[in-house]
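# Architecture at a glance
Here is what each chain is made of, one letter per residue.
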Amino acid sequence: MKLYYQSYVDDSIGATYLAHLKKHIDSFAKGEVDVQPLTPPDSYAHPVMEFRCARQVVRNAIVAARDNYDAIMLGHIQDSGLWESKSVVDIPVMGLGEATMLYACSLGMRIGIVTINPRFIPGFHKQIRHYGLEHRVAGVEAMPFEPGEMTKAFDSEEQYERVLNAFQQFAEPLVEKGIDVLIPGGGIPMLLFEREHNFNVKGAPVINGIPILIKMAEMAVELKQLNGLGVSRSSDMVIPPDYVLEELLGF
């Protein structure tokens, strides 16, 4: 199995994160997983930034499918370009946000997200509405970090404890209000907290969505091989004519 993992950062802002990510994925993935950077990286939470990254990701998905990858995974929790990518290739495309939220629904009734920075919150609300999960993903809070501050926690125990304490500080009120599953709102905090076995806040499990994304992609590949199961082609995700894809690649 040959899987394409699209990160939304590159070495210019995320070298430490990418190194730890690759090591983590290799520890449990069944097959070969190529972690690919995105240049320019997603460096600021804003709709225009997400739009630009989405266009790059869709183009990369077309190329990855032509390079005979079995599945594509988008490693950005806000899934920019996910549904467009599903509509241009005939291999499974899975997103970190979608996979994590849907799996969280199997662990509890009410899901909460604690993200890195308040700028991410509007994007999460839009994403939750798009997935029809307003009554399940019922709370979004944010820590006071920039992504660069958080990546320092990979190499600093003091910074790690600061991030961990901040997450718990913002997660506890959600649990007290009835949230029973918690999602760290980003690949960076998910990967950071991977060291916390059976991590929970007052009994509410804290999900690392990266293994979920990988395993769901592996399952999608196996199901497609088993019986041809894939995404719907009846409406939104009909694959367009080749010339449309070539225009996108050539633009």
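Counting restarts for each chain, with residues numbered from 1 along the sequence as it is written. Reporting of local features is limited, given that this is a predicted model, to residues whose pLDDT is at least 70; pairs of side-chain atoms are given and counted only at 80 or more, and all residues count toward the totals for whole chains, interfaces and linings. Computation of side-chain values: all heavy atoms of the structure, hydrogens and water removed.

### Quick notes on the overall build of the chain
Going by this rule: Each helix is a run of H or I in the DSSP string that is no shorter than four residues. Each strand is a run of E no shorter than two, and both are numbered from the N terminus. The globule rule used for comparison is 2.2 Å times the number of residues to the exponent 0.38, while the radius of gyration itself is calculated over C-alpha atoms. Note on exposure labels: buried denotes an accessible area under 20% of the residue type's maximum, exposed denotes more than 50%, and partly exposed covers the range between, all computed with a 1.4 Å probe on protein chains only. For this analysis, residues touch if any pair of their heavy atoms sits within 4.5 Å. Residue exposure ignores everything except the shown protein chains as possible cover, and the areas themselves are Shrake-Rupley values with a 1.4 Å probe.
Counting its regular elements, the chain contains ten helices and nine strands. Here the C-alpha radius of gyration of the chain, 18 Å, is about what a compact globule of 251 residues would show, namely 18 Å. With the principal axes as the frame, the chain shows a C-alpha extent of 50 × 40 × 35 Å. Residues classed as buried in the chain amount to 51% of the 251 residues present. Partitioning the contacts of the chain with sequence separation of at least 6, the portion at a separation of at least 24 is 72%. As displayed, the chain has an accessible area near 11,800 Å², and 55% of this comes from carbon and sulfur atoms.

### Overview of the environment of I183
Its place among the elements puts I183 in strand β7 (residues 181–185). C-alpha of I183 to C-alpha of P211: the two residues are 28 residues apart in sequence and 13 Å apart in space. With residues near it in sequence (within four places) discarded, I183 still touches I77, T100, M101, A104, I111, G112, I113, V114, M190 and I207.

### Focus on the layout of surface pockets
Once rolled over the atoms, a probe with the size of a water molecule shows which space is left empty. What counts, and what does not: Of the grid points, spaced at 1 Å and generated over the protein atoms alone, those admitting a 1.4 Å probe that cannot get out make up cavities, while open sets with protein on both sides within 12 Å along at least five of seven lines make up pockets; any residue with an atom within 4 Å of a point is treated as lining. Grid points are joined across faces, edges and corners, and a volume is the space filled by probe spheres set on the points. Asp, Glu, Lys and Arg are counted as charged, while Ala, Val, Leu, Ile, Met, Phe, Trp, Tyr, Cys and Pro are counted as nonpolar; the rest, among them Gly, fall into the polar class.
Considered as a void within the structure, the largest pocket measures approximately 700 Å³ in volume. Together, 24 residues line the largest pocket, and E50, Q78, S80, G81 and K126 are the ones closest to its centre. If one sorts the elements of the lining of the largest pocket by residue count, helix α2 (residues 47–66) sits on top with six residues. For the lining of the largest pocket, the residue count by class is eleven nonpolar, seven polar and six charged.

### Focus on the sheet that holds strand β2 (residues 32–36)
We count it as follows: If DSSP finds at least two bridges between two strands, the strands pair. Only C-alpha atoms enter the line fits that serve as axes; for helices the fit covers just the stretch in contact. Angles between N-to-C directions range over 0 to 180 degrees.
Read across the open sheet, the four strands follow the order β2-β1-β3-β4; overall the sheet is parallel. A single partner strand is all that each edge strand has here, and the edge strands are β2 and β4 (93–95). Strand-to-strand twist of the sheet, defined as the mean angle between neighbouring strand axes without regard to direction, takes the value 20°. Each of β1 (2–6) and β2 touches helix α1 (residues 11–26); the most contacted strand, β2, lies at about 165° to it. α2 rests against β1 and β3 (71–74) of the sheet, and its axis sits at about 170° to β1.

### What about the pattern of salt bridges?
Put simply, the test is: Salt bridge, as applied in this entry: a Lys or Arg side-chain nitrogen positioned within 4 Å of an Asp or Glu carboxyl oxygen.
Across all of its chains, the model carries eleven salt bridges by this definition. E218 is the salt-bridge partner of K215, the closest N and O atoms lying 3.2 Å from each other. Remark: E218 and K215 occur in helix α9 (residues 209–227); sequence separation between them is three residues, near one turn of the helix. Connected via shared salt-bridge partners are D90, K224 and R233.

### Side note on the environment of I128
Tracing the chain through its elements places I128 in helix α5 (residues 121–130). Assessed through its relative accessible area of 4%, I128 is described here as buried. Not counting chain neighbours up to four residues away, the residues in contact with I128 comprise M101, I113, L133, E134, V137 and V140.

### Here we look at the sheet that holds strand β6 (residues 137–142)
Taken in spatial order, the three strands make up an open sheet running β6-β5-β7, and their pairing is parallel. Edge positions in the sheet fall to β6 and β7, since each has one partner strand and no second. Strand-to-strand twist of the sheet, defined as the mean angle between neighbouring strand axes without regard to direction, takes the value 20°. Judged from the five bridges that link them, strand β5 (residues 111–115) and β6 form a sheet pairing that is parallel. Counterpart to T115 in the pairing with β6 is A142.

Geometry only, nothing functional implied.
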